[in-house]
Structure formats: C-alpha cells, structure tokens
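Next come the chains, spelled out residue by residue.
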Amino acid sequence: MARVLIVGAGLTGSLCAALLRKEVTGPLHLAVWDKAGDSGGRMTTASSPHNPQCTADLGAQYITCTPHYAKQHQNFYDELLALGILAPLAASIEGMRVNEGDCNFVAPQGISSIIKHYLKKSGAEVYFRQCVTRINLHNNKWEVSKETGSPEIFDLVVLTMPVPEILQLQGDIVDIISECQRQQLESVSYSSRYALGLFYEAGTKIDVPWGGKYITSNPCVRFISVDNKKRNIESSEIGPSLVIHTTVPFGIKYLEHSAENVQELIFHHLEKILPGLPHPVAIKCQKWRHSQP
C-alpha cells in the first residue's frame with residue numbers, strides 16, 4: 001500500500017488529498033499533517049469560547065470566481081454550491097473591486113468548512129500539531145521527522161506550506177532542491193497582516209448598512225466585516241462577530257510585537273472608524289506572517 005503524506009491542512013493540502021483519493025485506484029494510506037491545532041490554514045474560521053456557533057473567518061473572507069475559473073473549475077463550484085458549503089455573496093461589501101463576469105461566494109458555515117469538506121472526502125488520517133523539521137531519503141523512501149514523536153516513512157511527500165517554511169527544513173531535502181529551484185523559491189515573498197475577531201453576546205446590535213467594507217483612509221485598518229451579516233446567517237440566538245484585517249504596512253511594522261500591544265493599537269484605530277462599538281465578550285488576534293504571496 002502506497003503511503004502518502006501531505007504537509008499542510010489548508011485549501012491546497014485538503015483538495016490535493018481529495019483529488020489523490022479520487023484518482024488513485026489501488027490501496028492508499030493518506031496522511032495530512034498540520035502544525036496548527038485545526039484545519040483551514042489561511043482559510044481558518046475561529047469560534048467564540050462562549051458560543052461555538054458564533055464564528056468569524058479570520059483569513060479569506062469570500063471566494064471570487066472569475067469567468068476563466070468558472071469554466072475551468074465548474075465541477076468544484078457546482079458541488080460546493082449544491083451541498084450548501086458555498087452560497088452567493090448577497091451582502092453589500094463597500095469598496096470591493098468588481099470586474100465584469102466575476103461571481104463572489106461566501107461559506108455560510110465558515111470558510112474553513114470548505115477545507116473540512118475536502119478532508120472528509122479524502123478519507124485521510126489528519127493529525128494536528130505536527131511540525132515537520134527534517135526530510136531524509138533512504139532507499140527511495142522519505143523519512144519525515146517532526147518536533148515530537150518518532151520519524152515516519154512515506155513513499156511520497158507533498159509540501160503545501162508557505163515557501164519560507166519549506167526552505168527551513170533540514171536533512172537531505174536541502175541538497176535535493178537544486179540551486180535553480182532554491183533561487184526561485186527564495187524569490188517568493190509574502191505580505192503580512194493581523195486579523196482581529198471580535199465576538200459579541202446574542203442580541204448585540206452592530207448598526208452598519210454593509211456586511212463588509214474596505215477602508216482606504218486608515219494606516220492600520222484595511223477591511224472590516226460583520227461576519228454573520230457577510231455570510232447571511234444573522235440570528236437572534238447567536239451574537240454577531242466582527243473581523244478586522246490590518247493593512248500590510250501595519251502588519252510588517254508590528255510583526256514581532258506582542259498580541260496585546262497589536263490588539264490595543266487596532267482597537268484605537270477601530271474606534272475612529274466605528275465609534276461606540278459595544279464591548280465584545282471574546283477576542284481572537286491572529287498574526288498572518290505569510291498572508292498573500
């Protein structure tokens with residue numbers, strides 16, 4: 001039985017796992033490892049500790065499907081729409097760039113539900129808090145070491161994590177990556193930003209006319225979403241949630257600062273944009289060191 005490891009439980013890793021399962025006719029042992037505590041990667045959805053139904057998309061906010069991909073990836077979109085994992089974006093997003101022929105979708109159960117769907121479809125064994133440190137080649141098999149536990153052997157390894165994390169790996173992989181490949185990989189750069197998720201009690205009113213808004217006049221805040229409104233799942237029993245994405249210059253400037261310090265700065269700027277916001281019952285601050293390539 002072929003043993004395959006996919007490192008990274010984000011969109012690339014989960015979809016790769018589902019497609020491998022579909023294409024491989026023989027027996028296949030499929031494992032997915034991720035260093036985080038849950039699946040999603042940059043399509044992660046956080047929950048309020050007070051009510052797991054109160055959620056916020058801290059990474060990707062919505063899916064934009066261009067005419068080119070609508071045609072090329074039609075089967076994927078048809079399946080996700082039929083299952084209710086995706087739904088058309090109905091809420092107003094102020095300041096959103098609209099190109100002719102584009103369609104925008106949201107994930108009503110949270111953007112990470114897309115990843116969970118593909119992982120379930122793959123039948124893979126998914127392990128969290130598995131941080132890969134070293135990859136060696138022995139007798140045409142890959143020996144993969146992680147921070148904790150014994151090394152494991154695989155026939156095939158697929159790496160889907162951000163490029164800088166691949167370049168940090170030790171072992172034979174250092175020499176297997178050619179000089180030309182290394183130069184190309186080293187030329188990949190990423191933007192960095194913070195996301196703040198604010199969770200509120202049921203019955204709290206956030207009185208704005210939009211589901212999301214791009215901010216152009218603030219050095220800290222780039223995007224705000226009333227997340228339940230954006231996903232069209234407003235309910236009297238579940239409190240609203242607010243997501244704030246910072247600008248890239250802010251993210252880079254405060255990348256190594258404490259979460260408490262960053263949170264305070266974001267709140268200071270948020271008060272200028274939305275004065276008098278109610279007090280949240282829970283807060284989640286997410287640092288995206290590798291946001292967008």
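These numbers come from a predicted model, not from an experiment. (Residues numbered from 1 in each chain as written. Predicted model: local features only at pLDDT ≥ 70, side-chain atom pairs only at ≥ 80, totals over all residues. Heavy atoms only, no water.)

Run through the sheet that holds strand β12 (residues 152–154), naming residues and quoting values.
One open sheet accounts for three strands, arranged β10-β11-β12; its pairing is antiparallel. Two strands close off the open sheet at either side, each with one partner strand: β10 (132–138) and β12. The sheet shows a mean angle of 30° between the axes of neighbouring strands, direction not considered. Note that β10 and strand β11 (residues 141–146) share six bridges and pair antiparallel. (Pairing = 2+ DSSP bridges. Helix = DSSP H or I, 4+ residues; strand = E, 2+ residues; numbered from the N terminus. Axes fitted to C-alpha atoms, helices over the stretch in contact; angles between N-to-C directions.)

Give me the lowdown on the UniProt feature "domain: Amine oxidase" (unreviewed entry) in the protein chain, citing residues and values where you can.
Here the UniProt feature "domain: Amine oxidase" (unreviewed entry) sits at residues 91–290. Strand forms 30% of residues 91–290 and helix 26%; the C-alpha atoms that close the span are 28 Å apart. (UniProt positions renumbered as here; feature names shortened; annotations may be inferred.)

If you had to explain the pattern of salt bridges to someone new, which residues and values would you point to?
Across all of its chains, the model carries twelve salt bridges by this definition. Taken together, the shared-partner salt bridges in this structure form one network comprising Asp-57, Asp-227, Lys-230 and Arg-231. (Salt bridge = Lys/Arg side-chain N within 4 Å of Asp/Glu carboxyl O.)

Tell me about the side chain of Lys-230, and name the residues and values.
Topologically, Lys-230 is positioned in helix α8 (residues 227–230). Note on Lys-230: relative accessible area 1%, which makes it buried. Within polar-contact distance, the side chain of Lys-230 engages the backbone oxygen of Gln-61 at 3.0 Å. What Lys-230 contacts, discounting residues up to four positions off in sequence, is Asp-57, Gln-61, Leu-89, Ala-91, Ile-93, Val-106, Gly-211 and Ser-225. (Buried < 20%, exposed > 50% of the residue type's maximum accessible area, 1.4 Å probe, protein only. Polar contact = N/O pair within 3.5 Å; in protein donor to acceptor, adjacent residues only side chain to side chain. Contact = heavy atoms within 4.5 Å.)

How would you sum up the environment of Asp-155? Please name residues and give values.
Its location among the elements puts Asp-155 in the loop between β12 and β13 (156–159). Those residues within four positions of Asp-155 in sequence are excluded, and the remaining contacts are Met-1, Ala-2, Arg-3, Lys-141 and Trp-142. Here Arg-3 takes part through its backbone nitrogen, which lies 2.7 Å from a polar atom of the side chain of Asp-155.

Could you give an account of the environment of Tyr-200, naming the residues involved and the relevant values?
Along the chain, Tyr-200 turns up in the loop between β14 (193–199) and β15 (212–214). Through-space distance from the C-alpha of Tyr-200 to that of Pro-280 is 4.7 Å; in sequence the pair is 80 residues apart. For Tyr-200, the contacting residues outside a window of four places in its chain are Cys-54, Ile-206, Gly-239, Pro-240, Ser-241, Leu-242, Leu-277, Pro-278, His-279, Pro-280 and Val-281.

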